[in-house]
Amino acid sequence: INHKYCVFLDEYLPFHPDWSLLNFKTVDPNEYYNTMNSFFNMIEKNGLKVIIAAHPKSDYQINTFEGRQIFKYKTNELVKNSHFTMAHMSSSINYSILHNKKVLFLITDAYKKIYKNTAYRTSQYFSSTLGEQLINCNDYSYIDISNTNIDQNSYLKYKYDYLTSKESESLKSSDILINFLKGIKAKKLAF
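This report concerns the structure included in the present document. A quick note: this is a predicted structure, and the numbers were derived from the prediction, not measured.

What follows is about the packing of aromatic side chains. This model, assessed by the stated rule, comprises 16 aromatic pairs. Between Phe8 and Phe40, the ring centres sit 5.2 Å apart and the planes meet at 55 degrees, which makes this aromatic pair tilted. Taken as a pair, Phe8 in strand S1 (residues 5-9) and Phe40 in helix H2 (residues 29-45) lie far apart in primary sequence, 32 residues in all. For the residue pair Phe8 and Phe40, the accessibility class agrees, reading buried in each case. Among the aromatic residues, ring-to-ring pairing joins Phe8, Tyr12, Phe15, Tyr32, Tyr33, Phe39, Phe40, Tyr60, Phe65 and Tyr140 into one connected group. The ring of Tyr160 has Lys166 sitting right over it, with the charged end atom 5.3 Å from the ring centre.

Spatial ordering of the open sheet is given by S3-S2-S1-S4-S5-S6, a layout of six strands whose pairing is parallel. Edge positions in the sheet fall to strand S3 (70-72) and strand S6 (134-136), since each of these pairs with one other strand and no more. Recorded for the sheet is a direction-independent mean angle of 30 degrees between the axes of neighbouring strands. Alignment of strand S5 (residues 103-107) against S6, held across three bridges, turns out to be parallel.

Further remarks concern a negative patch on the surface. On the surface, Asp28, Glu31, Asp109 and Asp139 cluster together to form a negatively charged patch. Positionally, Asp139 belongs in the loop between S6 and helix H7 (152-163).

Core analysis: the biggest nonpolar cluster contains 33 residues, and Phe8, Phe39, Phe40, Ile43, Phe84, Met86 and Leu106 have the highest contact counts within it. Counting residues per element, the ones that place at least two in this core are S1, H2, strand S2 (49-54), S5, helix H5 (109-114) and helix H6 (119-130). In terms of residue count, H2 provides more of this core than any other element does, seven residues in total. In contact with Phe39, not counting residues within four places along its chain, are Met86, Leu106, Ile135, Cys137, Tyr140 and Ile143. Formed by 16 residues, the second largest nonpolar core is a distinct cluster that contains Leu9, Val103, Phe105 and Tyr155.

What follows covers unusual backbone geometry. Phi at Tyr12 takes a positive value of approximately 55 degrees, unusual for a residue other than glycine. Residues other than glycine seldom take positive phi values, yet Glu66 does so here, at roughly 55 degrees.

About the criteria used
Residues numbered from 1 in each chain as written. Predicted model: local features only at pLDDT ≥ 70, side-chain atom pairs only at ≥ 80, totals over all residues. Heavy atoms only, no water. Phe/Tyr/Trp six-rings, centres within 6.5 Å; stacked < 30°, edge-to-face > 60°. Helix = DSSP H or I, 4+ residues; strand = E, 2+ residues; numbered from the N terminus. Buried < 20%, exposed > 50% of the residue type's maximum accessible area, 1.4 Å probe, protein only. Lys NZ or Arg CZ within 6 Å of the ring centre and 35° of its normal. Pairing = 2+ DSSP bridges. Axes fitted to C-alpha atoms, helices over the stretch in contact; angles between N-to-C directions. Patch = residues over 30% accessible without salt bridge, like charges linked within 9 Å, V, L, I, M, F, W, Y side chains within 5 Å. Areas by Shrake-Rupley, 256 points an atom, 1.4 Å probe, with all protein chains shown as cover. Salt bridge = Lys/Arg side-chain N within 4 Å of Asp/Glu carboxyl O. Lys, Arg positive; Asp, Glu negative; His and termini not counted. Charge placed at Lys NZ, Arg CZ, Asp CG, Glu CD. Core = buried A, V, L, I, M, F, W, Y, C linked by side-chain atoms within 4.5 Å. Contact = heavy atoms within 4.5 Å.

Now the structure itself:
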């Protein structure tokens, strides 16, 4: 990507398989994508391209996001090089936190209504915990996309509460596992 961009951390919201597995109602796809694209159009009018980091289970047609670039399995790289990120409640916001990227938490009227006791509350929690904006894409007046400052203390607290520890953050997962297994073996030999 050779232009300045922000990235939407897609959740394949209207079609995510977990919703049907849990027998949950979902947002109307046409209404949802029209609302999201309208919001993305506003951002692009301010000179910043919107890139879609597609959910791994998604199966998008080229026109779903009005021709915007859609990438699968590249979320970490997309976030790392982005101006800022946008999400509902995706676990991929962890990339935003690890790369110190601002996250705009997006909701719609339908999202708020249908997921009022589930996803909407999670979006509220993330927004509050990270000190970031919760934006209703059906009802916004102005979004300052030039301000990419984050609450560093909130991001660090989240990182150490949920993602890693100071003791293990520079270790490879394989090394942690091997050390753990060696510890079990040593305890077994002691008995």
